[in-house]
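So the chains spell out like this:
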Amino acid sequence: MQKEADFYKILAKTGEESLFKDRGSKFIGQAHPVKNENEVEAIVSDLKNKHNKASHVCYAWQLGKNYEHYRANDDGEPGNSAGLPIYGQLQSFDVTQTLVTVIRYYGGTNLGVGGLIQAYKTAAQLALETSTIVTKLITEELQLKFEYPLLHTIMRIIKEEQLDIAEQKMELSCLITLSVRKNDLNRIKERFNAVFGIEISIIG
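Residues numbered from 1 in each chain as written. Predicted model: local features only at pLDDT ≥ 70, side-chain atom pairs only at ≥ 80, totals over all residues. Heavy atoms only, no water.

Sorry if this is basic, but what is going on with the sheet that holds strand β9 (residues 164-169) here?
Within a sheet, adjacent strands bond to each other through the backbone by hydrogen bonds, running parallel or antiparallel. With respect to topology, four strands assemble into an open sheet ordered β9-β10-β8-β11, the strand pairing being antiparallel. Two strands close off the open sheet at either side, each with one partner strand: β9 and β11 (199-203). Mean inter-strand twist for the sheet, computed between neighbouring axes without regard to direction, equals 20°. Summarising the sheet, β9 and strand β10 (residues 173-181) pair through five bridges and their orientation is antiparallel. Paired with Ile165 across the bridge in β10 is Leu178. This element, helix α4 (residues 151-160), spans β8 (139-147), β9 and β10 of the sheet and lies at about 10° to β10. (Pairing = 2+ DSSP bridges. Helix = DSSP H or I, 4+ residues; strand = E, 2+ residues; numbered from the N terminus. Axes fitted to C-alpha atoms, helices over the stretch in contact; angles between N-to-C directions. Contact = heavy atoms within 4.5 Å.)

Would you explain the environment of Ile28 in this entry?
Relative to the helices and strands, Ile28 resides in strand β3 (residues 25-33). Accessibility expressed as a relative area gives 12% for Ile28, which makes it buried. Taking the C-alpha atoms as reference points, Ile28 and Ala72, 44 residues apart in sequence, are found 17 Å from one another. Sequence-distant contacts of Ile28, defined by excluding residues within four places in its chain, comprise Glu17, Ser18, Leu19, His51, Thr101, Val102, Ile103 and Tyr105. (Buried < 20%, exposed > 50% of the residue type's maximum accessible area, 1.4 Å probe, protein only.)

How should I be thinking about the pairing of β3 in this particular structure?
Consecutive residues of a regular strand have side chains that alternate between opposite faces of the sheet. Among the nine residues that make up β3, seven are buried, leaving the element largely enclosed by the rest of the structure. Bridge analysis of strand β2 (residues 18-22) against β3 gives five bridges, and the strand direction is antiparallel. Bridge pairing in β3 places Lys21 opposite Lys26. Hairpin connection of β2 to β3: two residues between the antiparallel strands, including Arg23 at a positive phi of 50°. Here β3 runs beside strand β6 (residues 98-105); their pairing, made up of eight bridges, is antiparallel.

Please explain unusual backbone geometry as it appears in this structure.
Peptide bonds are mostly trans, and most non-glycine residues show a negative phi. The phi angle at Asp75 is positive, at roughly 45°, despite the residue not being glycine. Considering the arrangement of structural elements, one finds Asp75 in the loop between β5 (69-73) and α2 (83-93). Asp75 gets classed as partly exposed once you look at its relative accessible area, which sits at 26%. Although it is not a glycine, Asp94 sits at a positive phi angle of roughly 60°. By the secondary structure assignment, Asp94 is in the loop between α2 and β6. Note on Asp94: relative accessible area 14%, which makes it buried.

Just to check I follow, could you spell out helix α5 (residues 185-193) for this structure?
Along an α-helix, a turn takes 3.6 residues, which lines up residues three or four apart on a common side. Buried within α5 are the following residues: Leu185, Ile188 and Phe192. Down the axis of α5, the sector holding all buried residues measures 70°, keeping them to one side. Across α5 from its buried face, at more than 90 degrees, point the exposed residues Asn186 and Glu190. (Arc of directions from axis to C-beta.)

Please clarify how the pattern of salt bridges should be interpreted in this entry.
Opposite charge on two side chains lets them pair, provided their charged atoms get close. On inspection of all chains with the given rule, the structure shows 10 salt bridges. Notably, a salt bridge pairs Arg71 with Glu37, separated by 3.4 Å at the nearest N-O pair. Of this pair, Arg71 sits in strand β5 while Glu37 sits in helix α1 (residues 37-50), placing them 34 residues apart in sequence. Exposure remark for Glu37: the relative accessible area of 36% places this residue in the partly exposed category. For Glu161, the salt bridge is made with Arg187, and the minimal N-O distance between the two is 2.9 Å. (Salt bridge = Lys/Arg side-chain N within 4 Å of Asp/Glu carboxyl O.)

Next comes the structure, spelled out in structure tokens:
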């Protein structure tokens, strides 16, 4: 899922466990904030140890500020009946840096592929509904070098644009690093370019 926006949504913390039941089977869903695949593997491994009598530990995750990395795992359920419905809820809630796990305890009655898809989808939805989702801005760092007499002009633009100063060094030769929202970067850069005597660079 590629995004053009300059923000992304993540979990504030690990969500509460949610429970969905269907014809004797129990589906325990939970959403976890993760930074990389190693954290995913560690959480899934812990859950398999904790729920060692569960029939399946299915999951899906999405990583990257641009939502560019994702994976779904059926853990032995019929193909695409568990992992993909869970992943569909990650897309629906528009979250990244997130793992959703659904643990199934088999209740003795086969649900069929349609029933499994609905059960895993519902368990994942409940898990995300009980989680706190926060929005993060994608920012770039803009570094300004200039002589001290320009300080008043620079600070006026910073105040007008309500920019965040990440770092500053005020001497005869000044250095200010600004955190700028990605979609505003070119416009802000042009404002500073209009002031003669500023050396501007983008810190990647």
